[in-house]
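# Structural description and commentary
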Amino acid sequence: EAEVAQSPRYKITEKSQAVAFWCDPISGHATLYWYRQILGQGPELLVQFQDESVVDDSQLPKDRFSAERLKGVDSTLKIQPAELGDSAMYLCASSLGGVQAETQYFGPGTRLLVL
Amino acid sequence: GNSVTQMEGPVTLSEEAFLTINCTYTATGYPSLFWYVQYPGEGLQLLLKATKADDKGSNKGFEATYRKETTSFHLEKGSVQVSDSAVYFCAPASPGGYQKVTFGTGTKLQVIP
């Protein structure tokens, strides 16, 4: 069964350093989502791609976060510089086309700890 | 945008007990409604969904009915098992355009033998 891949699974960094997370969606899925999940809360959408285009980044802190999906396949989320409050689980999900009532398939996540 | 209020946890039940996890939402129009589940050590996965008023989503013995009049989508199961121990997320999706899902805070369920 096809799965969404993410790496690394865990990342420890010091504040002010740069970090990057990678996601490989299920083959053929046009829509890719990056979520942030703080412990004890639900996932919060950071950015949504349709193919290589961003369709929603309204909650992305653009002063320090960036995301790209250059060829419309895999994606990278970057934080520079990292802050203590960025410690969270970063989830990637994908779906076929972003249309209504569509199932999102989630990866295992990257747990980030900023010291 | 959408918002969702979900029953706080943790919820602890004995095996074979009846489960209800309440979920209410605010949204414009007619959102699609989802329940996602996160088992220990695993990623989120879809449990069930409903796309219009009075629809009932069901899977693995769980059910939820889309109640437009009360803007609710409560999750129920008649007899829980230890293997149902997980965190459950209610999630309405905005209608129109690209789907945007708003997740609730999650309800942790622990089922004891």
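Calculation notes
Residues numbered from 1 in each chain as written. Chains lettered and ligands numbered in written order. Predicted model: local features only at pLDDT ≥ 70, side-chain atom pairs only at ≥ 80, totals over all residues. Heavy atoms only, no water. Helix = DSSP H or I, 4+ residues; strand = E, 2+ residues; numbered from the N terminus. Rg over C-alpha atoms; globule rule 2.2 N^0.38 Å. Buried < 20%, exposed > 50% of the residue type's maximum accessible area, 1.4 Å probe, protein only. Phe/Tyr/Trp six-rings, centres within 6.5 Å; stacked < 30°, edge-to-face > 60°. Lys NZ or Arg CZ within 6 Å of the ring centre and 35° of its normal. Disulfide = S-S within 2.5 Å.

### What to know about the overall build of chain A
Along the backbone of chain A there are zero helices and eleven strands. Ordered by position from N to C terminus, the α and β elements of chain A give β-β-β-β-β-β-β-β-β-β-β. Taken over C-alpha atoms, the radius of gyration comes to 13 Å for chain A, in line with the 13 Å a tight globule of 115 residues would show. Expressed along its principal axes, the backbone C-alpha trace of chain A runs to roughly 40 × 25 × 25 Å. Residues counted as buried form 48% of the 115 residues belonging to chain A.

### Focus: the packing of aromatic side chains
Applying the stated criterion to the full structure yields eleven aromatic pairs over all chains. Aromatic pair A:Tyr35 and B:Phe103: ring centres 5.5 Å apart, planes at 85°, arrangement edge-to-face. On the criterion of chain membership, the pair formed by A:Tyr35 in strand S4 (residues 31–37) and B:Phe103 in the loop between strand S10 (86–93) and strand S11 (107–112) is interchain, its members lying in two chains. Residues A:Tyr35 and B:Phe103 agree in their burial class; the two are buried. Connected via pairs of aromatic rings, a cluster forms that spans A:Tyr33, A:Tyr35, A:Phe106, B:Phe34, B:Tyr36, B:Phe89 and B:Phe103. The ring of B:Tyr30 has B:Lys68 lying over it, and the distance from NZ or CZ to the ring centre is 4.3 Å.

### Digging into the state of the cysteines
Under the counting rule described, the total for this entry stands at two disulfides over all chains. Two residues, A:Cys23 and A:Cys92, share a disulfide whose sulfurs are 1.9 Å apart. Here A:Cys23 and A:Cys92 share a disulfide; its torsion about the S-S bond, -70°, makes the bridge left-handed. Linking A:Cys23 in strand S3 (residues 19–24) with A:Cys92 in strand S9 (residues 88–95), this pair joins segments that are 69 residues apart in sequence. Across the pair, A:Cys92 and A:Cys23 agree in class, each one buried. Shown here is the disulfide that connects B:Cys23 with B:Cys90, its sulfur atoms set 1.9 Å apart. Here B:Cys23 and B:Cys90 share a disulfide; its torsion about the S-S bond, -65°, makes the bridge left-handed. Separated by 67 residues along the polypeptide, B:Cys23 in strand S4 (residues 23–26) and B:Cys90 in strand S10 bring together distant segments of the chain. Overall, B:Cys23 belongs to the buried group, its relative accessible area being 0%.

### Considering unusual backbone geometry
Between A:Gln80 and the following residue, A:Pro81, the backbone shows a cis peptide bond with an omega angle of -5°. You can see A:Pro81 is positioned in the loop between strand S8 (75–79) and S9. Residue B:Pro10 is bonded to the preceding B:Gly9 through a cis peptide linkage, with omega at 0°. Its place among the elements puts B:Pro10 in the loop between strand S1 (3–6) and strand S2 (11–14). A positive phi angle is found at A:Ser16, which is not glycine, with a value near 80°. Looking at the secondary structure, you find A:Ser16 in the loop between strand S2 (10–13) and S3. Unusually for a residue other than glycine, B:Glu16 sits at a positive phi of about 80°. One can find B:Glu16 in the loop between S2 and strand S3 (19–21). Overall, B:Glu16 belongs to the exposed group, its relative accessible area being 60%.

Scope: geometric values only; no functional claims are made or implied.
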